[in-house]
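Spelled out from the first residue to the last, the chains are:
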2 protein chains.
Amino acid sequence: MTGSVTLHDVARRAGVSLATASRALNGSANRVVGEQLRERVLRAAAELRYSPNAHAQAMARGRTDVVGLSLHDIADPYFSAVAAGVMREAGANGLLVTMASTQRRPGAETDYVGAFRRHWASVVIVVGSRTDDRAATDRLADELAAFEAEGGRAVAVSQPRLPVDTISIDNHGGARDLGEALHDLGHRRFAVLGGPGDLLTASERVAGFRAALSRRGGRLDPDHVVSGPFTRDGGYDAMHRLLDREPDVTCVFAVNDVMAVGAMAAMRDRGLEPPAGMAVAGFDDIATLRDVNPGLTTVRIPLEEIGALAVRLALEDDVARPRVRRVGGEVVLRASTPRVPS
Amino acid sequence: MTGSVTLHDVARRAGVSLATASRALNGSANRVVGEQLRERVLRAAAELRYSPNAHAQAMARGRTDVVGLSLHDIADPYFSAVAAGVMREAGANGLLVTMASTQRRPGAETDYVGAFRRHWASVVIVVGSRTDDRAATDRLADELAAFEAEGGRAVAVSQPRLPVDTISIDNHGGARDLGEALHDLGHRRFAVLGGPGDLLTASERVAGFRAALSRRGGRLDPDHVVSGPFTRDGGYDAMHRLLDREPDVTCVFAVNDVMAVGAMAAMRDRGLEPPAGMAVAGFDDIATLRDVNPGLTTVRIPLEEIGALAVRLALEDDVARPRVRRVGGEVVLRASTPRVPS
DNA sequence: CTGAAAGCGCTTACAG
DNA sequence: CTGAAAGCGCTTACAG
């Protein structure tokens, strides 16, 4: 960068020292600059279109006004909803958000936290399911610990397996409530599109659903559980594989809404119109998908609120850490899962 | 931040000077450190878990490895798709992305570009329609010019009204092609849900659609054009207002997909099942909405590709600026607009 | 209330 | 190939 106006230029134009110029412009702790000088400085700064160098400020102050946010894929509406909450709350606190997409590459979270550390982010937020890879989780934990040891604040939105404040979504409970609700609608024979096998979020939802059925005295045929990526195409392919087995079921639970929508597309490919052909339920209550037809039964997770909460937790002072905040989901029954006539 | 390991610590542990440690760790321009010393330095850095201070590097180097991205709302799938492209391409070039949501607040773009300037972002990308507010556009133009004068690179995804490289989406052409295609399907009486009146993107789409009809010898009844926010609820409300007028039309064009989906919800509220009740078309081809039922006719815009292109334009050297890249859309006919029986 | 000066943690000519 | 030193643009004790 060249030609930028520095504090030095402002000070000279105003005929004051660097120190006075700095104080006039910020006047934080020891804010004591004569009215007259202050005005001279402000005028000079305006005339020169002075813009302070954030790096120099960071160097001198030893901290920064950015929050680093790591998530898997910003194009996925689950993550963009959380990101929206983070950005809203960050903006309200005068913080900028630096975002990184892991694209689910193993180790990427750790790399990005390292990058945020190098940038002296004041806050780091890591959003996304943990996996069953213990070693990877440990490396991330170490990096987060190093970040906090340097004075940063980290918050995870994930399973509570990291040594920092974490917001833990009750996947098990939500799926259990959903399973019970579907059972109460009269469904007895279920299938599940289970997401990637190594993702804890996916396995928790499957487990919760399974628990609901056994509570009600039913069970889930292992042959009716199909796994696949956490995406629209993942749901689409998984549903086709399920239907290839000609399963005798009345209702399929896809472990997230995006997969559920893919599943409905696959059903239609085969002339199975939902919900008549088969009832379908998802999880998350993605806003953009609230108008699909038939309306998708799901479990509402307050994603944006979770993002905002993450920032708030990070900014809270004088509390014992790490803390765990559990966030529950709420079953939303819609037209995709009608009552079974008895 | 406290307790962080500095280059100084690494140098001391390796028994070399600061300069040597720095060179061993980066070895960019004048990369000439003895193999033995280099190894000593690398080992010391690893042992100490050294993480360079990005601000100090930025200060010393006079530039930074971040791209600033301003957009209106990351929860809106239009913007999250563009953002995904920006992040992908930025990541491929070792750049971090700092993102800011304007929430369509007037003046916010200018404020954020100022923030990116203070942070010495090497690239700034501004995504979003210009409005008919000339003064606001001028202020943003000034800020972008100041940013580039300091050595930064800016790219706009918007109407070409800013003094920087811009990617201009052919809203007029896309809407015109869509209008002609719908006319060719046999539709003659149209309504338009026109988006916010001050947004150029909205008015360009309406104008293009109108142009198509007059080309074909038809016209758009002014009474059949309703405006409203660029959101799902905006489309929903606008459609209700339109239906209140009991318009004699066979097809409604919502100027973006999100509004179109809201419009379909409003129709269903009144027992008007699309497309039988009325044909519906949108614009953008939002990925998350490709499975709505009936499938939504729209104009496909390569949003992610546009985001990636923005980064690429910014990174190109030795070219005359500013440049304008026009990106066209492609009509995608789906079930929401069946042929009218003749 | 104001200023001279040290310091934040790096990089990079400039010498050797 | 290696090192001493200046400089990047701020902030903030420390004096006065």
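For the structure itself, consult the block above.
Here the structure is a predicted model, which is why all the values come from computation and not from measurement.

### With respect to the protein's contact with DNA strand C
Then comes step 1: Near DNA strand C you find 25 residues, and of these A:Thr20, A:Arg23, A:Gly34, B:Leu7 and B:Ser22 are the closest.
Then comes step 2: By atom count, sugar and phosphate contribute 65% of the portion of DNA strand C lying within 4 Å of the protein.
Then comes step 3: In the model, a phosphate oxygen of DNA strand C is placed 2.7 Å from a nitrogen or oxygen of the B:Leu7 main chain.
Then comes step 4: Contacts to DNA strand C include B:Ala56, whose backbone N or O atom sits 3.3 Å from a base nitrogen.
Then comes step 5: Only α2 (18-26) and α4 (54-61) of chain A together with α2 (18-26) and α4 (54-61) of chain B provide two or more residues apiece to the surface near DNA strand C.
Then comes step 6: In terms of residue class, the surface near DNA strand C is made up of 14 nonpolar, eight polar and three charged.

### Some thoughts on the packing of aromatic side chains
Residues and elements named next belong to chain A.
Then comes step 1: Tallied over the full model, the rule gives six aromatic pairs over all chains.
Then comes step 2: An angle of 75 degrees between the planes, with centres 5.1 Å apart, marks the rings of Tyr78 and Phe79 as edge-to-face.
Then comes step 3: Measuring from centroid to centroid gives 4.6 Å for Phe209 and Phe253, while their planes differ by 25 degrees, and the two rings are stacked. Residue Phe209 is located in helix α9 (residues 200-215), and its partner Phe253 is located in strand β8 (residues 251-254); the two are separated by 44 residues in the primary sequence. Assigned by exposure class, Phe209 and Phe253 land together as buried.

### As for the protein's contact with DNA strand D
Then comes step 1: Taken together, 24 residues surround DNA strand D, and among them A:Leu7, A:Ser22, B:Thr20, B:Arg23 and B:Gly34 come closest.
Then comes step 2: Taking all atoms of DNA strand D within 4 Å of the protein, the share assigned to sugar and phosphate is 65%.
Then comes step 3: B:Thr20 places a polar side-chain atom, nitrogen or oxygen, 2.5 Å from a phosphate oxygen of DNA strand D.
Then comes step 4: If you tally residues by element for the surface near DNA strand D, the top one is α4(A), at five residues.

### Observations concerning α4(A)
Then comes step 1: For α4(A), the set of buried residues is A:Ala54, A:His55 and A:Ala58. Viewed end-on, α4(A) has its buried residues packed into an arc of 100 degrees, placing them on one side of the element.
Then comes step 2: On its buried side, α4(A) packs onto α4 and α6 (108-118) of chain B.
Then comes step 3: At the N-terminal boundary of α4(A), the capping side chain belongs to A:Asn53, with an oxygen 2.7 Å from the backbone nitrogen of A:His55.

### A word on the pairing of strand β5 (residues 165-169) of chain B
Residues and elements named next belong to chain B.
Then comes step 1: For β5, the tally of buried residues reaches five of five residues, placing the bulk of the element in the interior.
Then comes step 2: Residues Asp165, Ile167 and Ile169 point to one face of β5 and Thr166 and Ser168 to the other, with burial holding for every one of them.
Then comes step 3: By the bridge criterion, three bridges tie strand β4 (residues 153-157) to β5 in an arrangement that is parallel. Within β5, the residue paired with Val155 across the bridge is Asp165.
Then comes step 4: Both β5 and strand β11 (residues 324-327) contribute to a ladder of four bridges, which runs parallel. Paired with Ile169 across the two strands is Val327, which belongs to β11.

### Brief notes about the interface of chain A and chain B
Then comes step 1: Taken together, the contacts link 56 residues of chain A with 55 residues of chain B.
Then comes step 2: Around 5,000 Å² of area is buried between chain A and chain B when both sides are counted, 59% of it from carbon and sulfur atoms.
Then comes step 3: Across the contact surface, chain A and chain B share four salt bridges.
Then comes step 4: With its nearest N and O atoms 2.6 Å apart, the salt bridge here joins A:Arg232 to B:Asp291.
Then comes step 5: Our count for the chain A to chain B interface comes out at 19 residue pairs in polar contact (both at pLDDT 80 or more).
Then comes step 6: At the level of elements, α4, α5 (77-92), β2 (96-101), α6 (108-118), α7 (134-149) and α11 (257-269) of chain A are the ones that each hand at least two residues to the side of chain A that touches chain B.
Then comes step 7: Residue composition of the side of chain A that touches chain B, by class: 28 nonpolar, 17 polar and eleven charged.

### Notes on empty space enclosed by the protein
Unoccupied space between atoms shows up once a probe the size of one water molecule is rolled over them.
Then comes step 1: All told, the structure shown has three cavities of 30 Å³ or more when counted by the stated rule.
Then comes step 2: Reported here for the largest cavity is a volume of approximately 230 Å³.
Then comes step 3: Around the largest cavity, the lining is made up of 23 residues, and of these B:Tyr78, B:Ser129, B:Thr201, B:Arg205 and B:Phe230 lie nearest the centre.
Then comes step 4: Elements supplying a minimum of two residues to the lining of the largest cavity: α5 (77-92), β5 and α9 (200-215) of chain B.
Then comes step 5: The residue inventory of the lining of the largest cavity, partitioned by class, reads nine nonpolar, nine polar and five charged.
Then comes step 6: Both domain 2 (66-169 + 303-329) and domain 3 (171-302) of chain B contribute no fewer than three residues apiece to the lining of the largest cavity.
Then comes step 7: By volume, the second largest cavity amounts to about 130 Å³.
Then comes step 8: Forming the boundary of the second largest cavity are A:His55, A:Thr64, A:Val66, A:Leu96, A:Thr98, A:Phe116, A:His119, B:His55, B:Val66, B:Leu96, B:Thr98 and B:His119.
Then comes step 9: At the level of secondary structure, the elements contributing two or more residues to the lining of the second largest cavity comprise β2 of chain A together with β2 (96-101) of chain B.

### Some thoughts on the side chain of A:Gln159
All names here are of chain A.
Then comes step 1: Topologically, Gln159 is positioned in the loop between β4 (153-157) and β5 (165-169).
Then comes step 2: You can call Gln159 buried: its relative accessible area is 4%.
Then comes step 3: Polar side-chain contacts of Gln159 include one of 2.9 Å to the backbone nitrogen of Arg130.
Then comes step 4: Ignoring sequence-local partners within four residues, the contact set of Gln159 consists of Ser129, Arg130, Thr166, Asn171, Leu200, Thr201 and Glu204.

Calculation notes
- Residues numbered from 1 in each chain as written.
- Chains lettered and ligands numbered in written order.
- Predicted model: local features only at pLDDT ≥ 70, side-chain atom pairs only at ≥ 80, totals over all residues.
- Heavy atoms only, no water.
- Near = heavy atom within 4 Å.
- Polar contact = N/O pair within 3.5 Å; in protein donor to acceptor, adjacent residues only side chain to side chain.
- Helix = DSSP H or I, 4+ residues; strand = E, 2+ residues; numbered from the N terminus.
- Nonpolar A, V, L, I, M, F, W, Y, C, P; charged D, E, K, R; others polar.
- Phe/Tyr/Trp six-rings, centres within 6.5 Å; stacked < 30°, edge-to-face > 60°.
- Buried < 20%, exposed > 50% of the residue type's maximum accessible area, 1.4 Å probe, protein only.
- Arc of directions from axis to C-beta.
- Contact = heavy atoms within 4.5 Å.
- Pairing = 2+ DSSP bridges.
- Buried area = accessible area lost by both parts, 1.4 Å probe.
- Salt bridge = Lys/Arg side-chain N within 4 Å of Asp/Glu carboxyl O.
- 1 Å grid on protein atoms, 1.4 Å probe; cavity = no way out; pocket = protein on both sides within 12 Å on 5 of 7 lines; lining within 4 Å.
- Points joined across faces, edges and corners; volume = space filled by probe spheres on them.
- Domains from an automatic or database assignment.

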